[in-house]
Amino acid sequence: GRRKFLENALSNKNFTLHEGDLLDSKKLNNCVKEVDTVFHFAANADVRFGLDHPKKDLENNTIATFNLLEAMRHNGSKSIAFSSTGSVYGEAKVIPTPEDAPFPIQTSLYGASKLAGESLISSYCEGYGFHGRVFRFVSILGDRYTHGHVYDFYRQLMQDPKNLVVLGDGKQKKSYLHVKDCIDAVTQITFSELGSPGFEIFNLGVDDYCEVLDSVSWICERMGVSPKIETTGGRQGWIGDNPFIQLDTNKAQTTGWKPKYSIKEGVISTVDFLAKNKWVF
């Protein structure tokens, strides 16, 4: 998160910013007083370097989620929307992957910590009558983007427009979702089902995928560069990088939601955002 992204919100009389750590239970308890619905999007999302600091995923994703659920319980707040991840499916055998797909071995500490958070929420729904909606995203693109492959490639090409290093063989198949489509889905589904307690999981993405090198070509075309591309080789960019991810979103779409942006449009809009907001680097 960047404070600059909150400039408009801070000028709104209906908005209050509380700064603190989700590991600070006392602070957190005070923040959720008289709150009806909690959108829990805070997390460490560093999949690639998770093995360098394994405790961070446990603390920032799992323990933080437990602390939030406890604060909600003590204050009588019982509705939570949770940003999970398609990474919990690991290297799925079923593509597109539905919510009820058989779970494989977890391939990242990030995915494992998010799955643990899901389990805690489902337990609070069962035991305390919470209303829990879990959203398993593919990678998000669009405005306010400061983390991910478009950011990394754009930064490389700013520094050296003639050369670009791509991790893996570039043939990894990925699905992406524009942030506006993501927020539309989360708010629509969460608020439309507020009267029904229980636990539900929804995949969010588009009915498509691209190869990493496809995305590279769109980025380079938009930036007006033609670099020499070097791939590091292998089916993965790093440990935990799933070579093929595409989620089945039929369940979410039965609620009336449908993504408006294609993957290519999402990538291009992200490049345009970065071009206009180079301060994020």
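Placed above this text is the structure.
Here goes a summary of the coordinates provided.

On to the environment of valine 271, then. Along the chain, valine 271 turns up in helix α9 (residues 263-276). Taking C-alpha positions, valine 271 is 6.6 Å from isoleucine 219, a pair spaced 52 residues apart along the chain. Excluding residues that lie within four positions of it along the chain, valine 271 makes contacts with Val150, Tyr154, Ile219, Arg222 and Met223.

Another point: the packing of helix α5 (residues 149-159) against helix α7 (residues 212-223). In the contact formed by α5 and α7, the axes pass within 11 Å of each other and the chain directions differ by 50 degrees. If you check the angle between α5 and α7, you find them oblique. Once α5 is placed against α7, the crossing between them reads as right-handed. Together, His149, Val150, Phe153, Tyr154, Leu157 and Met158 of α5 and Val212, Ser215, Val216, Ile219, Cys220 and Met223 of α7 make up the contact between the two elements. Residue composition of the contact of α5 with α7, grouped by class: ten nonpolar, two polar and no charged.

Overall, the coordinates contain twelve salt bridges when judged by the stated rule. Salt-bridge contacts for lysine 55 lead to glutamate 59; the nearest nitrogen and oxygen are separated by 3.7 Å. Within this pair, lysine 55 and its partner glutamate 59 are both found in helix α3 (residues 54-75), separated by four residues, close to a single helical turn. Measuring nitrogen to oxygen at the nearest pair gives 2.9 Å for the salt bridge that ties arginine 222 to aspartate 272. Here arginine 222, found in helix α7, pairs with aspartate 272, found in helix α9; they are 50 residues apart in sequence, far enough to count as distant.

Here we come to α9. With 14 residues, α9 extends 20 Å from end C-alpha to end C-alpha; this agrees with the ideal 20 Å at 1.5 Å per step. Taken as a whole, α9 has its buried residues at Ile263, Gly266, Val267, Ser269, Thr270, Val271, Phe273 and Leu274. Looking at the buried side of α9, the elements it contacts are β4 (139-141), α5, β6 (173-174), β7 (176-178), β9 (210-211) and α7.

With that settled, consider the nonpolar core. By size, the foremost hydrophobic cluster in this structure holds 44 residues, and its most contacted members are Phe135, Val150 and Leu204. Going through the elements one at a time, β3 (131-137), α5, β5 (163-166), β7, α6 (179-192), β8 (198-204), α7 and α9 are the ones with two or more residues in this core. If we ignore the near neighbours within four places in the chain, the residues touching valine 150 are Leu141, Tyr145, Ile219, Val267, Thr270, Val271 and Leu274. In terms of nonpolar packing, the next biggest core, distinct from the first, is built from 15 residues, Val32, Leu68, Ile80 and Phe130 among them.

Calculation criteria
Residues numbered from 1 in each chain as written. Predicted model: local features only at pLDDT ≥ 70, side-chain atom pairs only at ≥ 80, totals over all residues. Heavy atoms only, no water. Helix = DSSP H or I, 4+ residues; strand = E, 2+ residues; numbered from the N terminus. Contact = heavy atoms within 4.5 Å. Axes fitted to C-alpha atoms, helices over the stretch in contact; angles between N-to-C directions. Parallel < 35°, antiparallel > 145°, perpendicular 65-115°, else oblique. Left-handed = near helix turned anticlockwise from the far one by under 90°. Nonpolar A, V, L, I, M, F, W, Y, C, P; charged D, E, K, R; others polar. Salt bridge = Lys/Arg side-chain N within 4 Å of Asp/Glu carboxyl O. Expected span 1.5 Å × (residues − 1). Buried < 20%, exposed > 50% of the residue type's maximum accessible area, 1.4 Å probe, protein only. Core = buried A, V, L, I, M, F, W, Y, C linked by side-chain atoms within 4.5 Å.

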